[in-house]
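Coordinate analysis (summary)
Residue strings, one per chain:
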Amino acid sequence: HNEYPPYFLRSLTRPLFSDKIILRHKVDFRSSIILGRYVMYTIGQVATMTGLSVSTLRYYDKEGLLPHLTRSSGIRQFSDRDIETLRMVECLKKTGMEIRDIKQFTLWCTQGSATYPQRHALLLEQKERLESEISRMEVALAMLRFKCWYYEQAMRDGNEDRVHAMLPDQLPPDIQPIYDHAHET
């Protein structure tokens, strides 16, 4: 493994798209293709590196989300550029962006700087959608927090009478803002 920089090897022991570090099987570099300075990876290696399934990688290729993916004798060869594209695809998917819009974004990326305004507009629109969804989810989370507190009190008391009598504006100071946020319209 000495021919690979340490940061590169560390990245291969965990999925690239996870917030948590999870030990994965190391990629067998003996089957990697080295072209000049660039290492090309098989679909199995990329699946191991990213935590994505082989079928997902094939689907992304079929949908045109990996515009720079190359083949040798029909076998997909992934470059570091393709892996970075996969990172962006997964990020956009997590935001709820439709595959057709992700495909459009990746197409624009292949068209150079002339498409910066379109890419920016698409990402800005998605950011606004995501911020709106986060706001809705924060309200839902506040309701869950309030109801957890509510039922903890009801279980302690054996009924809901005391807690119900505090509604809507006589709740403890640490609970009132949670209740109020949960009931925003």
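To start, this report covers the structure provided alongside it. (Residues numbered from 1 in each chain as written. Predicted model: local features only at pLDDT ≥ 70, side-chain atom pairs only at ≥ 80, totals over all residues. Heavy atoms only, no water.)

Judged by nonpolar contacts, the single largest core of 22 residues is most densely connected at Y41, V46, L57, Y60, F78 and L86. Looking at this core, the elements that each hand over two or more residues are α2 (43–50), α3 (54–62), α4 (80–94) and α5 (99–110). Aside from chain neighbours lying at most four places away, what touches L57 is I43, V46, A47, L52, L66, F78 and L86. The next biggest cluster of nonpolar side chains, apart from the first, holds eight residues, and it includes F146, W149, Y150 and Y179. (Core = buried A, V, L, I, M, F, W, Y, C linked by side-chain atoms within 4.5 Å. Buried < 20%, exposed > 50% of the residue type's maximum accessible area, 1.4 Å probe, protein only. Helix = DSSP H or I, 4+ residues; strand = E, 2+ residues; numbered from the N terminus. Contact = heavy atoms within 4.5 Å.)

Tallied over the entire structure, the rule returns nine salt bridges. With a closest N to O distance of 2.5 Å, R136 and E133 form a salt bridge. Of this pair, R136 and E133 are both found in helix α6 (residues 116–157), three residues apart, which corresponds to roughly one turn of the helix. When its relative accessible area of 32% is taken as the criterion, E133 is described as partly exposed. One salt-bridge network, in which partners are shared between bridges, spans D61, R71 and R76. (Salt bridge = Lys/Arg side-chain N within 4 Å of Asp/Glu carboxyl O.)

Inspection of every chain in the model, using the stated rule, returns five aromatic pairs. For the pair Y150 and Y151, a centre-to-centre distance of 5.0 Å together with 75 degrees between the ring planes defines the contact as edge-to-face. Y150 gets classed as buried once you look at its relative accessible area, which sits at 4%. Y151 gets classed as partly exposed once you look at its relative accessible area, which sits at 41%. Following the ring pairs from residue to residue traces out a cluster consisting of F146, W149, Y150, Y151 and Y179. Over the face of the ring belonging to Y150 we find K147, whose NZ or CZ atom lies 4.8 Å from the ring centre. (Phe/Tyr/Trp six-rings, centres within 6.5 Å; stacked < 30°, edge-to-face > 60°. Lys NZ or Arg CZ within 6 Å of the ring centre and 35° of its normal.)

Moving on, we come to α6. Taking 1.5 Å of rise per residue, the 42 residues of α6 would be expected to cover 62 Å, and the 60 Å separating its terminal C-alpha atoms lies within 8% of that figure. Turning to α6, its buried residues number three or more, namely R119, L122, Q126, A142, F146, W149, Y150, Q153 and A154. Check the buried side of α6 and you find it contacts α5, α7 (161–166) and α8 (176–182). Among the residues trailing α6, G158 stands out with phi positive, at a value near 90 degrees. (Expected span 1.5 Å × (residues − 1).)

The next thing to look at is the environment of E63. Tracing the backbone through its elements, the reader meets E63 in the loop between α3 and β3 (70–72). Its relative accessible area of 22% is what places E63 among the partly exposed residues. Between the C-alpha atoms of E63 and K103, which are 40 residues apart in sequence, the distance is 7.3 Å.

For the rest of this paragraph, the subject is the packing of α4 against α5. At their nearest, the axes of α4 and α5 sit 10 Å apart, and the two run at 145 degrees to each other. Judged by the twist between their axes, the crossing of α4 over α5 is right-handed. Touching T85, M88, V89, L92 and K93 of α4 are I99, I102, F105 and T106, all from α5. (Axes fitted to C-alpha atoms, helices over the stretch in contact; angles between N-to-C directions. Left-handed = near helix turned anticlockwise from the far one by under 90°.)

Before going further, it helps to spend a moment on the side chain of T85. Mapped onto the elements, T85 comes out in helix α4. You can call T85 buried: its relative accessible area is 16%. Leave out the neighbours within four places in its chain, and T85 touches L65, L66, P67 and T106.

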